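Next come the chains, spelled out residue by residue.
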Amino acid sequence: MSYITKNYMEQGGEKWVVGGTLEILPGASVTGLPVAENQTDSVASDVAGLTADFNALLSKLKAAGLMAADEE
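Reading the values: rules and limits
- Residues numbered from 1 in each chain as written.
- Predicted model: local features only at pLDDT ≥ 70, side-chain atom pairs only at ≥ 80, totals over all residues.
- Heavy atoms only, no water.
- Helix = DSSP H or I, 4+ residues; strand = E, 2+ residues; numbered from the N terminus.
- Rg over C-alpha atoms; globule rule 2.2 N^0.38 Å.
- Buried < 20%, exposed > 50% of the residue type's maximum accessible area, 1.4 Å probe, protein only.
- Areas by Shrake-Rupley, 256 points an atom, 1.4 Å probe, with all protein chains shown as cover.
- Salt bridge = Lys/Arg side-chain N within 4 Å of Asp/Glu carboxyl O.
- Expected span 1.5 Å × (residues − 1).

S.K.: Would you explain the overall build of the chain in this entry?
M.R.: Helix and strand counts for the chain stand at one helix and two strands. Taken from the N to the C terminus, the helices and strands of the chain come in the order β-β-α. Taken over the C-alpha trace, the chain has a radius of gyration of 20 Å; the compact-globule value for 72 residues is 11 Å, which it surpasses by more than 25%. The C-alpha extent of the chain, read off along each of the three principal axes, is 65 × 35 × 20 Å. Out of the 72 residues in the chain, the part that is buried amounts to 7%. Looking at the chain as shown, the accessible area adds up to about 6,700 Å², and 56% of this sits on carbon and sulfur atoms.

S.K.: Help me understand the pattern of salt bridges in this model?
M.R.: For side chains of opposite charge, pairing can occur when their charged atoms come near one another. All told, the structure shown has two salt bridges when counted by the stated rule. When the shortest N-O distance is used, the salt bridge between E10 and K15 registers 3.9 Å. The exposure class of K15 is partly exposed, given its relative accessible area of 45%. Its salt-bridge partner being D70, residue K62 comes within 2.7 Å of it at the nearest N-O pair.

S.K.: So what exactly am I meant to see when it comes to helix 1 (residues 47-63) here?
M.R.: The α-helix advances 3.6 residues per turn, and as a result positions three or four apart in sequence lie on the same side. Here helix 1 spans 24 Å end to end across 17 residues, near enough to the 24 Å set by a 1.5 Å rise per residue. For helix 1, every residue scored as buried is listed here: G49, L58 and K60. Of the residues one or two after helix 1, G65 is the one with positive phi, at around 80 degrees.

S.K.: Mind showing me how you'd approach the environment of L22 here?
M.R.: Checked against the element boundaries, L22 lands in the loop between strand 2 (16-18) and helix 1. Taking the C-alpha atoms as reference points, L22 and A69, 47 residues apart in sequence, are found 26 Å from one another.

Next up, the structure:
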């Protein structure tokens, strides 16, 4: 009898495949993921200022690869 698993390491160890759920437990850490620049708290007092702050946040997330870039 053979068994097919959803989670496995490919031959050679260069790639892990997770087809099930990956659970990160408290105290665990993940390294190597992209990190976005810090976005300071907004001190804007009008809609235009909030829009500018929000757009700056979106740009940082896209630059870090944490959000898909805009299609042109």
